[in-house]
Amino acid sequence: MHGATHAMTSNREERLHTASNFLRPGLSCRLAAMRGAFLALFALLAITPTFAHAESRVLERDSVLVLHSYSPDFVWTRSQQDGVDAVFGPLAATYDVRIEYLDALHHPELMKGSLLPGLLRSKYGGQRVRVVLTSDNAAFNFARAHRAELFPDVPIVFMGLNGYEDSALRDEKGITGVAEDSDLPGTLQVLLQLQPQTKRIIFPGMADDLTYRAIRTTVAKDLAALPSHINVEFPEFPDVDAAIEALGKLPPDAAIIVMSNMRTRYGEGISSQRAVELISAATPAPVFTNWDFVVGHGAVGGSVISGVEQGHQAAEIAVRVLGGEHPESIPVRRGAGKTFLFDHRQLTRFDIPASRLPPGGVVLFAPQSNFQISRQAAWIAGISFVALLGVTASLLLSMRRRRRAEAQVRSLNQELEQRVRERTDELSVAKEAAEAANRAKSIFLANMSHELRTPLNAILGFAQIMERDTRLPEDERKNIATINRAGNHLLSLINDVLEISRIEAGRTQAVREAFDLPAALASVEEIIRIRAETKGLAFAVDRPEDLRPYVLGDAHHLSQVLINLLGNAVKYTDQGRVALRIVSEGNDRIRFEVSDTGPGIAADEQERIFQAFYQTNSGITKAEGTGLGLTISRQFVRLMGGDITVASEPGQGSTFGFSIPLPPTDAAPHDGEGPRIVGLADGQGAPRILVAEDHPDNQQVVEQLLRHIGCQVKIASNGQLALDGFQTWHPNLILMDMRMPVMDGYEATRAIRALPGGERIPIVALTASAFEEDRGKVLAAGCDEMVKKPIEQNHLFEVIGRMLGLRFDYAETRSAGLRHPTTIPVDLNGLPPDVRKDLRQAAGILDKEALLSIVERLEPDYPVEAEIIANLIENYRFDVIEELCR
Ligand code: ADP
């Protein structure tokens, strides 16, 4: 079979055609891979042409037939088809583009016989082929030759036609197209520019290649323009192998221009692209070209024409023809798509500097900069970099902002801390101020009471003396009696104020001791009954039969509250009755209700009467009270765990009630049966006790009791002697019987209080009966405490101990026979003067904290004195401390 291909060696005038014809219904030309399948189909059609004809269907659309000289594996052919597709692709709905690859290089013999025209006739004979497009010379020549038989009067539009001369078409109608006018002059010029040392330019080719032959005739005049020292040669080779062999021996001053298709020595057609590849690889001379598709396949470059451009322009002409234009009226396009195109690898191979390239030249395969290679990556990197810069900048900015914000926060914080410090300072200043004010109030009240009491005691004392003076006229004695009354009222006012200030200062606490509740109530009852009967009022006490005997609570405060409420009831009721009702509330609480048939209290005043100094009209009219009784009572009840409420209607009387916890206990109250005080604990001085008592038996009893526990005792048998004893003996405490001849206890107390130093000495009233003496009256006289007769020794010791801050030994803890009355005096004279001064000052302003801190300081070196002071502080006997430190 290869024998036939030897025809390529023959010098035939006829162009070689290859009839590798296959049906291609679509537009795409990239069907090389399907070539085998279509070849098979072609064989079938070739065997049964009539059948194929009979089967061919009438195309509904106008057809455009594209006849390519070569097969689709030729780059040039493919690129021309690409150009055609670019135009007809969008018109696919209007025109049916049919493509036939005549493959003239592989099968030149088919171009001459009747087989190929017959096939085409059977395929397209019955169809409306409106225009025939041909590429390259072989297809154009075939179309022209068989035009009358295959496509009578169908216009032909050519492309890639080499060696076109206007005169060639002079006798034929309906033909136009795009001439493949190689820009040989351009390529020659570039060649000499790039390779100035060139002396020989060689155009290798095959004698039977139509293209080669056509070019050879057309380039003659271009070559004539070359410098005279350059030889132009057109060596003809039988095949590419021969060409390679010959051209491989070329000297470096030679240059090659390939403008021919080739065949191998076995007759196999190869494209000019492949031919250039082989020749370029074998020869030391550079290869130049006019075709774009060989740049990149061994050619250095040249002024090239583009196959795509050829196809594109030809298709555009075809569209115009289809649109009705006469082909003759469309002039043949010439020199379409010239470009200076180069292969960088070949430029490098022949050391051709870029500076020699013509302006506008395109260099393929130029080594690209990293930026060019990865333009996208570079862009991305660039953009990322810029973005990063932006982010960094914004981060820096935000860091700065953050630093600034932090600085601001810091400074705000500092400012805040400063403010907090300032506020704290202010607060602590305010707190100190408040505390100081509170202390000042206490100091003021304490001082006021002392300062008022002193002259008041003198006034009252002398007023009482004058009242008894029979030398004075009756009316003056009445006046003096008024002074006495007013003075006593003032004194009770002062005592009430002192009581309130003690409560407010937290110095009053409710005790929780076992006491005999029925006995305490009986005492209260006794006091009130006398008062009620004096006023002609009925007094009823309603208490449960089974009232528990012993309860835990504060008997003293409870009695005070009940006496106050019942006292008010009696005071404000002019007729009717006063009642005390006692109700058990569960096991632990007891409710007390005091009711009367008095004037009652208006609703809007019922809460206000508990305010200090508040009195209703009836209170003011009575001109007896101080307006502090209910205030103090409420405070006492609250201290005991309850509260006073009032229910009243004006004109209907009032009921005051409160409920406090008074849990029952089996323990009997101290009545001498409990732990017995047997003496002063060691390390304490022997206190000096002045006993004002007119009854010799009582004198003896008290003296023995006191001496027994280690006290020094001096007896004064009346008030006047007590006054003297106070001044001469300087006792630490006075036990004052209130009923005495010459001068009674009230008078003596007032008189003593009126004396220098007399305001601070503890005076304990001794009364025949707690109920005979009005506690208020006793306290108003200036006594600090009250002890009833017959004296219960433990109670007496406890009261004295509390007043003087003494510690005792009890029967259980004491070792029998070891106790001897101590001779250490109760004084603080052993303390350094500055400590005494500090103590005096702290006690003077009732500064418990300061006193305690001094005690703490004293403990290591002065344990006895520290103990004495601690006891006095505990009992709020700041006055005693102050006195002892004078
Ligand atoms: P006072 O020393 O004036 O009695 P209190 O604090 O004990 O002070 O009482 C305040 C006021 O309440 C009295 O002045 C009086 O107006 C009124 N009050 C108290 N108890 C009664 C009562 N049982 N009936 C009518 N008014 C009363």
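Everything in this summary refers to the structure shown in the same document. In this text, all values refer to a predicted model and were calculated from it rather than measured experimentally.

Here 5 strands make up an open sheet; going across it, the order is S16-S18-S19-S21-S20 and the pairing mixed. This sheet does not close on itself; its edge strands, each paired only once, are strand S16 (538-542) and strand S20 (645-649). For this sheet, the mean inter-axis angle between neighbouring strands, taken without regard to orientation, is 10 degrees. In this structure, strand S18 (residues 577-585) lies alongside strand S19 (residues 589-596), joined through 8 bridges in antiparallel fashion. Each bridged residue has a counterpart across the sheet, and for Ala579 the counterpart in S19 is Ser595. Across the sheet, helix H18 (residues 517-535) lies against S16, S18 and S19, angled at about 170 degrees from S16, the strand it touches most.

The next point concerns the sheet that holds strand S24 (residues 712-716). Spatial ordering of the open sheet is given by S24-S23-S25-S26-S27, a layout of 5 strands whose pairing is parallel. The open sheet is flanked by S24 and strand S27 (785-788), the only strands paired with a single partner. Averaged over all adjacent pairs, the angle separating strand axes in this sheet is 25 degrees, with direction ignored. The pairing of strand S23 (residues 688-692) with S24 spans 5 bridges and is parallel. By the bridge assignment for S24, Ile689 is matched with Val713. Strand contacts of helix H24 (residues 745-754): strand S25 (733-737) and strand S26 (763-767), with the helix running at about 150 degrees to S25, the strand carrying the most contacts. Contacts from helix H26 (residues 793-804) reach S23, S25, S26 and S27, with the element oriented near 165 degrees to S27.

Glancing now at the site of the ligand. Among the 19 residues in the neighbourhood of the ligand, the closest are listed as Asn568, Gln615, Thr616, Thr626 and Leu630. In this structure, Lys571 approaches the ligand through a side-chain N or O atom, which is 3.2 Å from an oxygen atom. For the ligand, an oxygen atom lies 2.7 Å from a polar atom in the backbone of Leu630. Relative to its unbound accessible surface of 520 Å², the ligand loses 99% to contact with the protein. Elements represented by at least two residues in the shell around the ligand include exactly helix H19 (555-572), helix H21 (629-639) and strand S21 (653-661). With 4 residues, the single largest contributor to the shell around the ligand is H19. Along the lines of polarity and charge, the residues of the shell around the ligand split into 8 nonpolar, 9 polar and 2 charged.

What counts, and at which threshold
- Residues numbered from 1 in each chain as written.
- Predicted model: local features only at pLDDT ≥ 70, side-chain atom pairs only at ≥ 80, totals over all residues.
- Heavy atoms only, no water.
- Pairing = 2+ DSSP bridges.
- Helix = DSSP H or I, 4+ residues; strand = E, 2+ residues; numbered from the N terminus.
- Axes fitted to C-alpha atoms, helices over the stretch in contact; angles between N-to-C directions.
- Contact = heavy atoms within 4.5 Å.
- Near = heavy atom within 4 Å.
- Polar contact = N/O pair within 3.5 Å; in protein donor to acceptor, adjacent residues only side chain to side chain.
- Areas by Shrake-Rupley, 256 points an atom, 1.4 Å probe, with all protein chains shown as cover.
- Nonpolar A, V, L, I, M, F, W, Y, C, P; charged D, E, K, R; others polar.

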